[in-house]
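# Survey of secondary and tertiary structure
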Amino acid sequence: MRLPDGFLSYCNEWEEKIGAFIEFAPPSADNSGAAGSSGALPGSGALAGLPFAVKDNIAVKGFSLTCGSKLLEHFRSPYTATAVRKLQDAGALVIGKTNLDEFGMGSSTDNSALKKTSNPWDTRRVPGGSSGGSAAAVAAGIVPFALGTDTGGSVREPAAFCGVVGLKPTYGAVSRFGLVAYASSLECAGVLSDTVARCRAVFSVMRGRDPMDETTLDPPPDAPSLSDGPLEKGNAASGKGVIGVLSPEAVARALSGGGDLDAAARAAVLEDEVRRGFLTACERFSGLGYTLIDVDIPGLKYGVPAYYTIATAEASANLARFDSVRYGARPEKAENAGELVDRAREEGFGAEVKLRILLGTFVLRSGFQDRYYLRAQRIRAGIKGSFEAILGGANPLCGAVLMPVFPTRAFGRGPGSLSAFAQKAADLYTCCANLAGLPALSFPASVEGGLPVGVQLLGRAFAEGTLLDIAEDYENRHPFPHPPGYRAFWR
Ligand code: GLN
């Protein structure tokens with residue numbers, strides 16, 4: 001692969017400012033793209049010759065796989081995730097591993113134990129998380145696309161903060177083989193990209209059944225096609241579909257349930273700029289010929305407690321494998337095996353990870369499962385049911401639901417930051433798609449006060465094609481913004 005002139009110095013300048021990468025290894029003259037290559041012949045499709053970045057909790061042979069953790073700081077992956085391998089087989093090239101909140105736990109990337117990543121729009125602000133390094137690298141134009149993982153919003157929220165496209169696919173549409181598990185029943189490998197067309201091209205290659213992951217499925221025969229965009233399909237003119245809108249008023253109703261707002265609900269209220277961006281998106285969709293109808297998601301308010309109950313329960317089981325016996329940082333001294341494991345975890349895991357392991361262990365305690373875990377599963381079923389009633393069945397009300405992604409734009413550090421509690425409460429809009437297993441696509445609606453505002457479209461299972469069509473229609477009329485200093489190197 002030949003890099004465009006000036007590309008490497010462009011990358012270095014940005015990287016110094018934003019710190020998106022844990023490992024950056026673009027091909028040089030004497031190493032023309034060998035890193036991470038699966039040995040297959042490069043494809044000739046839309047991805048051939050494109051560089052991409054991979055969140056550092058997804059395995060790429062020969063590259064780091066730190067998960068943003070001290071425990072895995074020096075670990076290198078002996079194998080490659082299926083999703084990555086498919087992209088390599090299509091001719092795309094991994095040029096680095098990106099920073100993240102430790103094991104994907106967070107919304108700012110500040111929970112990384114290894115470095116800080118900043119938002120290319122304003123380096124005093126966070127890029128979002130947990131796939132913050134991937135989002136920042138795409139927003140800065142270092143790569144045209146990157147992979148992330150989304151367990152409760154970790155692709156869509158950083159996409160919104162950085163003004164890029166972020167797709168969380170249908171659960172099971174993309175293989176999780178090679179993803180370091182955080183909460184297995186919720187998480188998906190997702191795409192962050194500069195344009196909707198790119199997201200479409202990447203997702204088409206990544207998806208499909210994988211014998212290495214028994215939860216994967218091929219798309220059903222009646223799934224909306226991915227092959228071409230809205231213009232080619234000829235539905236860019238009049239008579240478009242119906243979009244269900246979860247309006248700020250509907251959100252307020254769901255949050256208050258008629259009464260006063262509690263602290264969690266207050267943290268989920270949209271800030272003025274986000275509200276403005278959301279209303280701009282609604283107006284623009286009307287202007288494009290879509291019919292907008294109001295929808296309600298009654299169980300919305302309970303999504304966050306259910307999400308954190310299920311996610312931490314699964315995390316407490318998944319992270320039990322990190323004992324530093326076969327791999328991972330070893331404590332200097334230990335008298336016996338038990339002490340070795342205890343010390344490795346004490347020294348290796350950060351505070352947020354410990355908190356979640358404890359919370360997960362708590363909700364799974366014998367005798368208490370009914371009170372927490374099983375109730376969370378019932379809420380999960382209820383939220384799934386609400387979306388299915390709107391989007392599914394023989395007579396769906398609409399083709400997609402338009403929702404906010406996050407109540408704030410990219411937040412700052414220090415006093416202007418969001419508390420850990422507020423960050424969790426703010427996962428309300430993103431965690432629904434994970435609880436329901438449905439696809440959701442975040443894209444920049446507008447720029448408000450110098451920062452991008454994202455919105456998301458949720459669809460029925462395997463309807464990624466519909467979401468991409470609607471977002472591409474929007475993008476064709478209202479091209480996505482870029483941060484100052486951005487240069488487009490990749491077609
Ligand atoms: N903010 C959420 C959390 O902290 C999302 C994480 C994710 O999707 N990996 O759990």
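Calculation notes
Every chain's residues receive numbers from 1 upward, in the order its sequence appears when written. Side-chain atom pairs in this predicted model are given and counted only at pLDDT of 80 or more, local residue features only at pLDDT of at least 70, and totals for whole chains, interfaces and linings cover all residues. Side-chain measures here rest on the full set of heavy atoms in the structure, leaving out hydrogens and waters. Distances are taken per atom, and a residue is near a molecule or strand as soon as one of its heavy atoms is within 4 Å of it. Here a polar contact means two N or O atoms within 3.5 Å. Within protein one must be a hydrogen donor candidate and the other an acceptor candidate, and residues neighboring in sequence count only if both atoms are side-chain atoms. Areas reported here follow the Shrake-Rupley algorithm with a probe of radius 1.4 Å; residue values treat only the protein chains shown as occluding. In this count, Pro and Cys sit with the nonpolar residues alongside Ala, Val, Leu, Ile, Met, Phe, Trp and Tyr, while Asp, Glu, Lys and Arg are called charged and the others, Gly among them, polar. Note on definitions: salt bridges are taken to be side-chain nitrogens of Lys or Arg within 4 Å of carboxyl oxygens of Asp or Glu. Each helix corresponds to a stretch of at least 4 residues labelled H or I by DSSP, and each strand to a stretch of at least 2 residues labelled E; elements are numbered beginning at the N terminus. Whether a residue is buried, partly exposed or exposed follows from its accessible area with a 1.4 Å probe, protein chains only, as a fraction of its type maximum: under 20%, in between, or over 50%, in that order. What makes two strands pair is DSSP finding at least two bridges between them. For helices, the fitted axis covers only the stretch in contact; all axes are lines through C-alpha atoms, and the angles between them, taken along N-to-C directions, range from 0 to 180 degrees. Only heavy atoms enter the contact rule, under which two residues are in contact if any of them lie within 4.5 Å. Here the term patch refers to residues with relative accessible area over 30% and no salt bridge, with like charges joined within 9 Å and nonpolar side chains (Val, Leu, Ile, Met, Phe, Trp, Tyr) within 5 Å. In this tally Asp and Glu are treated as negative and Lys and Arg as positive; neither His nor the chain ends contributes. Every charge is mapped onto a representative atom, which is NZ of Lys, CZ of Arg, CG of Asp or CD of Glu. Across the chain, each position has a pLDDT score giving the predictor's confidence in that residue, from 0 to 100. Residue types Ala, Val, Leu, Ile, Met, Phe, Trp, Tyr and Cys, when buried and joined through side-chain atoms within 4.5 Å, form a set referred to as a nonpolar core.

On to the site of the ligand, then. Around the ligand lies a shell of 15 residues, among which G104, T151, G152, S154 and Y307 are the nearest. Contacts to the ligand include G106, whose backbone N or O atom sits 2.9 Å from an oxygen atom. For the ligand, the accessible surface in isolation is 300 Å², of which the surrounding protein chains cover 99%. Of the residues assigned to the shell around the ligand, the class counts are four nonpolar, eight polar and three charged.

What follows covers the pattern of salt bridges. Side chains that differ in sign of charge can pair as their charged atoms come close. Summed over all chains, the structure comprises 22 salt bridges. For E15, the salt bridge identified is with K115, shortest N-O distance 3.5 Å. Pair noted here: E15 is in helix α1 (residues 7–18) and K115 is in the loop between β3 (93–98) and α3 (132–139), with a separation of 100 residues, a long-range link. Take K115: its relative accessible area is 27%, and that puts it in the partly exposed class. The closest approach of N and O atoms between E214 and R209, which form a salt bridge, is 3.8 Å. By relative accessible area, R209 is classed as partly exposed at 40%. Each of D122, R124 and R125 takes part in a single network of salt bridges with overlapping partners.

On to unusual backbone geometry, then. Between G129 and S130 the backbone carries a cis peptide bond, its omega angle lying at 10°. Relative to the elements of secondary structure, S130 occurs in the loop between β3 and α3. Even without being a glycine, T109 presents a positive backbone phi close to 70°. Within the fold, T109 resides in the loop between β3 and α3. A residue is classified by how much of its surface remains accessible, and T109, at 0% relative accessible area, is buried.

With that settled, the discussion passes to the sheet that holds strand β9 (residues 400–404). Reading across from one edge, β1-β3-β2-β4-β6-β5-β10-β11-β9-β7-β8 is the order of the eleven strands in this open sheet, with mixed pairing throughout. Bordering the open sheet on either side are β1 (21–24) and β8 (291–294), each of which pairs with just one other strand. With strand direction ignored, the average angle separating the axes of adjacent strands in the sheet is 30°. The pairing of strand β7 (residues 242–245) with β9 spans three bridges and is classified as parallel. Counted as the bridge partner of I243 is A400 from β9. The strands that helix α13 (residues 373–391) touches are β9 and β11 (451–458); relative to β9, the one it contacts most, it runs at about 130°.

Here we come to a positive patch on the surface. Together, R365, R371, R375 and R378 line one region of the surface with positive charge. Here R365 is to be found in the loop between α12 (351–363) and α13. The class of R365 is partly exposed, set by a relative accessible area of 33%.

For the protein chain, per-residue confidence averages 92 on the pLDDT scale, and 94% of positions sit at 70 or higher. Low pLDDT, under 50, characterises residues 29–41; the predicted model gives this stretch 17 contacts beyond four residues in sequence or across chains. pLDDT under 50 marks residues 234–238. Its contacts with residues more than four places away, or in other chains, come to six contacts.

The subject of this paragraph is the nonpolar core. By size, the foremost hydrophobic cluster in this structure holds 81 residues, and its most contacted members are L47, F52, V84, M206, F285, L402 and L457. If you tally residues by element for this core, the top one is helix α5 (residues 196–206), at six residues. What F285 contacts, discounting residues up to four positions off in sequence, is I243, Y290, L292, L402, F443, I470 and Y474. Formed by 56 residues, the second largest nonpolar core is a distinct cluster that contains F103, Y307, L428 and L458.

For the rest of this paragraph, the subject is the side chain of T280. Mapped onto the secondary structure, T280 falls in helix α9 (residues 272–287). Of note is the side chain of T280, whose polar atom sits 2.8 Å from the backbone oxygen of R276. Once you skip the residues sitting within four places of it in the chain, T280 turns out to touch S446 and E448.

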